[in-house]
Amino acid sequence: MKPEQLLTDETFLGWYFRTDDDAIKKWERLMHEDPHLKANVDEAVSLLKLMHTEDETTVDEQQIAQASTKLMARVQDWENTKPLKRSLKSIIVRWTMPVAASLLMALGVVWYVNKDSTSKVYVASEKMLELKLADGSLVKLNKGSELKVTGMEQKATGSREVWLKGEAFFDVSHLPNHRGFVVHSGEVDVAVLGTRFNVRSFSNSTSVALESGKVELSINKVNSQKLLMQPGDLVEYSNSSGNLVKREVNVQNYAAWQSGKVIFENATLLEIQKVLEERFGLKVQVEQGSELGEFNGVFPADDPAVLINALTKAYPHQVVRVEGGVQFKKSVND
């Protein structure tokens, strides 16, 4: 495992910060058995030490500047001796209050650890991030998304909980003591025991697509409605209506962003509009009465221009490029 991969492994971080007894034993054993891994661990530790301070007083601007300079010098040495697939010069280090919280921004990932609690926050700022949580659960965090994690230690009691902003795919580990796993996303809570599902949360809506297992959705309000999902279900929640709406989908298509794809299968104009607005952040204007029929295709998840080109060719005069996005117009035959 490379140094940059170690920085996103929660069990490694549990070993480094001495917060997880199982992780400590695991990594001590692995390093003893594999001298090459030990060398990579030493490099990852060197970077972490630059961003971690035992001082719990307020940090002034001069200290911030000194820390940034020191880190960038370390990054330059690292790049000169061991080139990586992607430059580490984008690393930025700063301390926030309290100073007991360490911040790591490396390879498009931000990670916070508060020494006064067991919570951690991961942010995939520039690319998708794959995480293995301390309880064994696997999470794929889409770029631009944030995940706060707490209560994941296997010997702990109570529910495991995460708070999601953006989009993530969860493969939840079933623990012998039957501890629950709850995803808080916008106004929606997703309660699970062991399952695979995708959660997408934006400012005005939240959606959950279930691949396997069972989950129960609820709105985090008193006496709110609850809805039990089965595999293949997609449930969407609108902040404006306050309702949960369920329908069947191909979950593999819905979660195709994990492999860098956006897949449309008999998609309606509304579904296309959601992808353009929510996933790509584009402005979409829809003329009243506009209809496209069913749209199909596979497109890259990081390049909206490919999708827009396909739409303009499939629906000439109905899909028009405008500043910052696209406009859908009525057919001339309507």
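For the structure, check the block above.
Just so it is clear, the structure is predicted and the values come from calculations on it, not from any experiment.

Draft legend 1. Looking closely at the sheet that holds strand 20 (residues 325–328). Spatially, three strands are ordered 17-20-19 in an open sheet, and the strand pairing comes out mixed. At either end of the open sheet lies a strand with only one pairing partner, and these are strand 17 (283–286) and strand 19 (319–322). Strand-to-strand twist across the sheet, computed as the mean angle between neighbouring axes with direction ignored, equals 20 degrees. One ladder, built from four bridges, connects strand 17 with strand 20; its direction is parallel. Paired with Q285 across the bridge in strand 20 is Q327. Of the strands in this sheet, strand 17 and strand 20 are in contact with helix 7 (residues 269–279), which crosses strand 17 at around 155 degrees. Docked against the sheet, helix 8 (residues 304–314) engages strand 19 and strand 20, running at close to 140 degrees with respect to strand 19.

Draft legend 2. Expanded view of the pattern of salt bridges. Considering all chains together, one arrives at 11 salt bridges under this definition. Residue R29 pairs with E33 through a salt bridge whose shortest N-O separation is 3.7 Å. Taken as a pair, R29 and E33 lie in helix 3 (residues 21–33) at a separation of four residues, close to a single helical turn. Overall, the relative accessible area of 53% leaves E33 in the exposed class. A salt bridge links D233 to K246, with the shortest nitrogen-to-oxygen separation between them at 3.8 Å. You can see D233 sitting in strand 14 (residues 233–238) and its partner K246 sitting in strand 15 (residues 244–248), a full 13 residues away along the chain. The exposure class of D233 is buried, given its relative accessible area of 6%.

Draft legend 3. How the structure looks around the pairing of strand 9 (residues 188–192). Of all five residues that make up strand 9, four are buried, and the element is covered over most of its length. Pairing of strand 8 (residues 181–185) with strand 9, which is carried by five bridges, proceeds in the antiparallel orientation. The residue of strand 9 that forms the bridge with V182 is A191. Here strand 8 hands over to strand 9 after two residues, with G186 in that stretch at a positive phi of 65 degrees. Bridge count for strand 9 against strand 12 (residues 215–219) is five bridges, and the pairing is antiparallel. If you follow V188 over to strand 12, its bridge partner there is I219.

What counts, and at which threshold
Residues numbered from 1 in each chain as written. Predicted model: local features only at pLDDT ≥ 70, side-chain atom pairs only at ≥ 80, totals over all residues. Heavy atoms only, no water. Pairing = 2+ DSSP bridges. Helix = DSSP H or I, 4+ residues; strand = E, 2+ residues; numbered from the N terminus. Axes fitted to C-alpha atoms, helices over the stretch in contact; angles between N-to-C directions. Contact = heavy atoms within 4.5 Å. Salt bridge = Lys/Arg side-chain N within 4 Å of Asp/Glu carboxyl O. Buried < 20%, exposed > 50% of the residue type's maximum accessible area, 1.4 Å probe, protein only.

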